[in-house]
Amino acid sequence: MDGKTRLGRIIVSRKGFFTVDAENRLIVCAACTRLRFEKKEPLCGDFVEFEDNGDGTGFITDIVNRKNSFPRPPVANADILAIVIALSNPEPDLFYVDKMTCIGVKAGVETIIVLNKADLKDPAELKGIYEKCGFPVFLTSAAGNTGVNELRDYLTGKVAVFAGPSGVGKSSLLNAMFPGYNAEVGELSQKIGRGKNTTRHIQLFKTPAGGYIADTPGFTSLDFERFDLMSFEELKNSFPEMAEYMPSCRFRKCGHTKEIGCGVVSAVEAGLIPKSRHESYVKLFEILKNKDKYKYKTD
Ligand SMILES: Nc1nc2c(ncn2[C@@H]2O[C@H](COP(=O)(O)OP(=O)(O)OP(=O)(O)O)[C@@H](O)[C@H]2O)c(=O)[nH]1
Ligand SMILES: [Mg+2]
Ligand SMILES: [Zn+2]
């Protein structure tokens with residue numbers, strides 16, 4: 001390393017520029033041509049080497065090996081993925097939530113479910129579904145300031161990424177947990193009952209007790225189609241609640257959708273695996289099977 005090369009962490013990624021935190025000094029960097037040529041895209045949360053121009057700007061020259069990363073939201077080196085849903089307004093989309101849990105499980109990151117807007121609707125059903133699958137579930141109301149301290153305490157010292165559809169209250173929750181944060185909060189569109197994508201870029205916020213929280217822009221179901229969620233072979237392992245029932249399937253190559261003698265299907269019928277989760281699994285099975293038709297053989 002020559003005198004000018006330094007190490008820091010990307011805390012903001014915005015329109016091709018990266019704000020790097022290096023010992024509490026913020027340097028706005030572009031990625032060097034070689035990284036762009038090699039299609040190595042720096043992500044929020046990355047530790048990077050950069051050339052410091054000395055005037056608050058610089059060039060990222062290398063990315064330190066990541067312990068993990070997500071395709072959506074594009075963040076690296078997280079400890080916790082917090083999937084935020086509103087119990088109502090906007091209405092929960094469980095297929096969306098289940099795709100998000102797959103992203104967390106595949107990345108090997110602790111995945112938690114935050115049921116926000118608990119002031120609007122009884123959480124019992126959704127709480128039951130995700131607790132049964134082993135995900136820690138938090139009930140919050142950013143508006144009523146309930147459940148917020150428990151969530152904040154759980155995240156202390158960790159790098160936690162808040163993800164979920166637009167309008168569910170991700171930024172509101174961060175403001176409720178950390179009053180100095182001041183994230184912009186948006187109204188819901190009256191016409192379509194969805195958020196208006198108020199948060200436009202990803203930002204890591206250093207919390208007073210140590211650790212980071214990442215606010216991210218809400219994304220839609222359609223966004224999932226723009227990247228490879230996982231391969232067909234990885235799908236079975238992306239639903240942790242199925243693991244204990246798979247060994248009892250009659251056929252070794254069981255797809256766990258509707259096969260005779262399938263341990264997973266029996267567990268769904270017995271109420272041991274939530275029906276909605278298995279429906280999401282079957283939907284993904286069909287999508288990935290067709291996508292990977294020429295790569296993977298299923299029989
Ligand atoms: N009733 C109720 N409304 C809430 C709660 N939390 C947030 N809201 C409202 O929901 C709307 C959207 O909140 P945001 O915090 O901007 O949502 P977001 O998830 O950050 O949305 P994007 O930045 O667009 O992805 C705002 O009108 C908030 O006031 C809550 O717990 N209860
Ligand atoms: Mg927001
Ligand atoms: Zn099976």
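## Structural notes on helix α2 (residues 94-107)
In an α-helix there are 3.6 residues to a turn, and that puts residues three or four apart on one side.
Thought 1: Along its 14 residues, α2 runs 20 Å from first to last C-alpha, staying within 8% of the 20 Å computed at 1.5 Å per residue.
Thought 2: The buried count for α2 comes to 11 of 14 residues, which makes it a mostly enclosed element.
Thought 3: For α2, the full list of buried residues reads F95, Y96, V97, D98, K99, M100, T101, C102, I103, G104 and A107.
Thought 4: Structurally, α2 contributes buried residues whose contacts are with β6 (80-86), β7 (110-116), α3 (124-132), β9 (159-163) and α8 (275-291).
Thought 5: For α2, the N-terminal cap is D93; the gap from its side-chain oxygen to the backbone nitrogen of F95 is 3.2 Å.
Thought 6: Once α2 ends, the next one or two residues include G108, with phi positive near 75 degrees.

## Things to note about the coordination of the zinc ion (ligand 3)
The reference angle at a metal is 109.5 degrees if four donors form a tetrahedron and 90 or 180 degrees if six donors form an octahedron.
Thought 1: Within the protein, C249 (SG), C254 (SG), H256 (ND1) and C262 (SG) serve as the donor atoms for the zinc ion (ligand 3), at 2.1 to 2.4 Å.
Thought 2: One way to put it: the 4 donor atoms around the zinc ion (ligand 3) meet at angles of 99 to 115 degrees, and that makes the site tetrahedral.
Thought 3: Motif for the zinc ion (ligand 3), donor spacing along one chain: C-x4-C-x1-H-x5-C.

## Looking at the domain arrangement of the protein
The figure often quoted for interface size is the accessible area lost as the parts come together.
Thought 1: Split into domains, the protein comes out as domain 1 (5-63), domain 2 (80-224) and domain 3 (230-291).
Thought 2: Listed per partner, the contact involves 10 residues of domain 1 and 7 residues of domain 2.
Thought 3: Together domain 1 and domain 2 conceal approximately 690 Å² of surface at their shared face, both sides included; 57% is due to carbon and sulfur atoms.
Thought 4: Linking domain 1 with domain 2 are 1 salt bridge.
Thought 5: Taking the shortest distance from any N to any O, the salt bridge between K206 and D21 comes out at 3.2 Å.
Thought 6: Along the contact surface separating domain 1 from domain 2 lie 4 residue pairs in polar contact (both at pLDDT 80 or more).
Thought 7: For the side of domain 1 that touches domain 2, a count of residues per class yields 4 nonpolar, 3 polar and 3 charged.

What counts and how
- Residues numbered from 1 in each chain as written.
- Chains lettered and ligands numbered in written order.
- Predicted model: local features only at pLDDT ≥ 70, side-chain atom pairs only at ≥ 80, totals over all residues.
- Heavy atoms only, no water.
- Helix = DSSP H or I, 4+ residues; strand = E, 2+ residues; numbered from the N terminus.
- Expected span 1.5 Å × (residues − 1).
- Buried < 20%, exposed > 50% of the residue type's maximum accessible area, 1.4 Å probe, protein only.
- Contact = heavy atoms within 4.5 Å.
- Polar contact = N/O pair within 3.5 Å; in protein donor to acceptor, adjacent residues only side chain to side chain.
- Donors = N, O, S within 2.8 Å, 3.2 Å for Na, K, Ca; no water.
- Tetrahedral: all angles 85-135°; square planar, octahedral: opposite > 155°, others 65-115°.
- Domains from an automatic or database assignment.
- Buried area = accessible area lost by both parts, 1.4 Å probe.
- Salt bridge = Lys/Arg side-chain N within 4 Å of Asp/Glu carboxyl O.
- Nonpolar A, V, L, I, M, F, W, Y, C, P; charged D, E, K, R; others polar.

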